[in-house]
Amino acid sequence: MRPEPEAAITGRPGLLVFDHAAEAAAHVGQIIADTLNRTPHTVLGLATGMTMLPVYEWLLTAKRDGRLSFSQATSFNLDEYIGLGAAHRASFATAMRRMLFDGSDFAPGRTHLPAGTTIDLDKEAARYEAAIRAAGGIDLQLLGIGRNGHIGFNEPGSAFDSTTRVVTLTEATRLANRGDFPGSQDVPRQAITMGIGTILRSWRIVLLATGSAKAAAVAHAWSGVPGPSCPASALQGHAAALFVCDRDAAAGISDWQHGGGSR
Ligand code: F6R
C-alpha cells in the first residue's frame, strides 16, 4: 500500500517557508519520519548535497531516540558521478554512507545508487530505471535544487520526460561541487542521474531549499514559466510536491505561507 499524499490535490505544489534553515530541514525530517512510521516499507528517493546534511542528522537523531526505523524501507539515490567507484571519497555513495546509511538500520542491499563505473553506462541507466519501477516507484522523493535550477543532475535543457541517463555537468555545477575534490579540475564532467520524468513519477516530492544562493532558482521553479531552462519548474505540474524553504531561499516569492500551513 502506498502512503496517502499529505498535500491536498490542488493541481499545484505546496510551499512552506521557515525562518531558519534548521527548522526547514527538521520539517523535512519529520515528513520522512511520519512517512516511515505510517508505512515502514516506503520507497524513498534520496539526494546528496550540503542542504541534506541537517535532514539526515535529524533522521539519525530520531533513529537513535527510537522514533523511526529504516529497517523495512528501500532507497534510491538520484545520482552518481561517472568514473567514481562507490569507495571513492568524493562519490555520492560515500557521501550517503557518511551522512545517513552508516548510522541507519537500512537492511543490507536496500539502498541503491546508480553505478558510475559500469562499462556500459546506458545499460546501467536502463537497469536503474527498471529497478525503481520494479520496486513500485518512489513513494517519497527528496530533492535539493541547484543554483541553476537543476534537480538531481538534470541540468537546464533537460526534457521534462527524461529518464535515468548519462548527463554532462555544467561548469557552474562542477564549480559548486568542487568542495569534495582536491581541485575544481578533478570534479567529474559527467554523471548518471534519474531523469525529470523519473522524478515526476514519484508519488510525493519534497524539495528543500535553503540559503540566498537558491532564491532565484526557487522563484523560477515556483512561479516562473515552466520549461527546460529551469528543470525544477517541472514540479509545478506535480500536485503532491511540496517546496520547503527558509526565508532566504524564498526571498523571490511573495505568496508564501509560514511553516506550519500549506498552500
Ligand atoms: C545531488 C542532487 C543535486 C543537489 C543540488 C543542491 O544528489 O541531487 O541536485 O541537490 O546540487 O546541492 P547543495 O545542497 O549542495 O546545494
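This report concerns the structure included in the present document. (Residues numbered from 1 in each chain as written. Predicted model: local features only at pLDDT ≥ 70, side-chain atom pairs only at ≥ 80, totals over all residues. Heavy atoms only, no water.)

A look at the pairing of strand 9 (residues 204-209)
- The buried count for strand 9 comes to 6 of 6 residues, which makes it a mostly enclosed element.
- Both faces of strand 9 are covered, namely the face carrying R204, V206 and L208 and the face carrying I205, L207 and A209.
- In this structure, strand 6 (residues 140-143) lies alongside strand 9, joined through 4 bridges in parallel fashion. Residue pairing for strand 9: L140 is matched across the bridge by R204.
- When strand 9 meets strand 10 (residues 241-246), the two strands line up parallel, connected through 5 bridges. What sits directly across from L208, in strand 10, is V244.
- For the crossover that starts at strand 9, traverses helix 7 (residues 215-223) and ends in the parallel strand 10, the hand is right-handed. (Buried < 20%, exposed > 50% of the residue type's maximum accessible area, 1.4 Å probe, protein only. Helix = DSSP H or I, 4+ residues; strand = E, 2+ residues; numbered from the N terminus. Pairing = 2+ DSSP bridges. Right-handed = clockwise from strand over helix to strand, strands pointing away.)

Here's the deal with the packing of helix 1 (residues 21-38) against helix 2 (residues 53-64)
- It is at 8 Å that the axes of helix 1 and helix 2 come closest, and there the two elements cross at 50°. Taken together, the axes of helix 1 and helix 2 lie oblique to each other. Regarding helix 1 and helix 2, the two cross each other, and that crossing is right-handed. Where helix 1 abuts helix 2, its residues A25, A26, V28, G29, Q30, I32 and A33 lie against P54, V55, W58 and L59.
- A class-by-class count of the residues in the contact of helix 1 with helix 2 yields 9 nonpolar, 2 polar and no charged. (Axes fitted to C-alpha atoms, helices over the stretch in contact; angles between N-to-C directions. Parallel < 35°, antiparallel > 145°, perpendicular 65-115°, else oblique. Left-handed = near helix turned anticlockwise from the far one by under 90°. Contact = heavy atoms within 4.5 Å. Nonpolar A, V, L, I, M, F, W, Y, C, P; charged D, E, K, R; others polar.)

Quick word on the environment of A240
- Tracing the backbone shows A240 in the loop between helix 7 and strand 10.
- Among the residues examined, A240 registers a relative accessible area of 10% and is labelled buried.
- C-alpha separation for the pair A240 and G195, spaced 45 residues apart in sequence, amounts to 18 Å.

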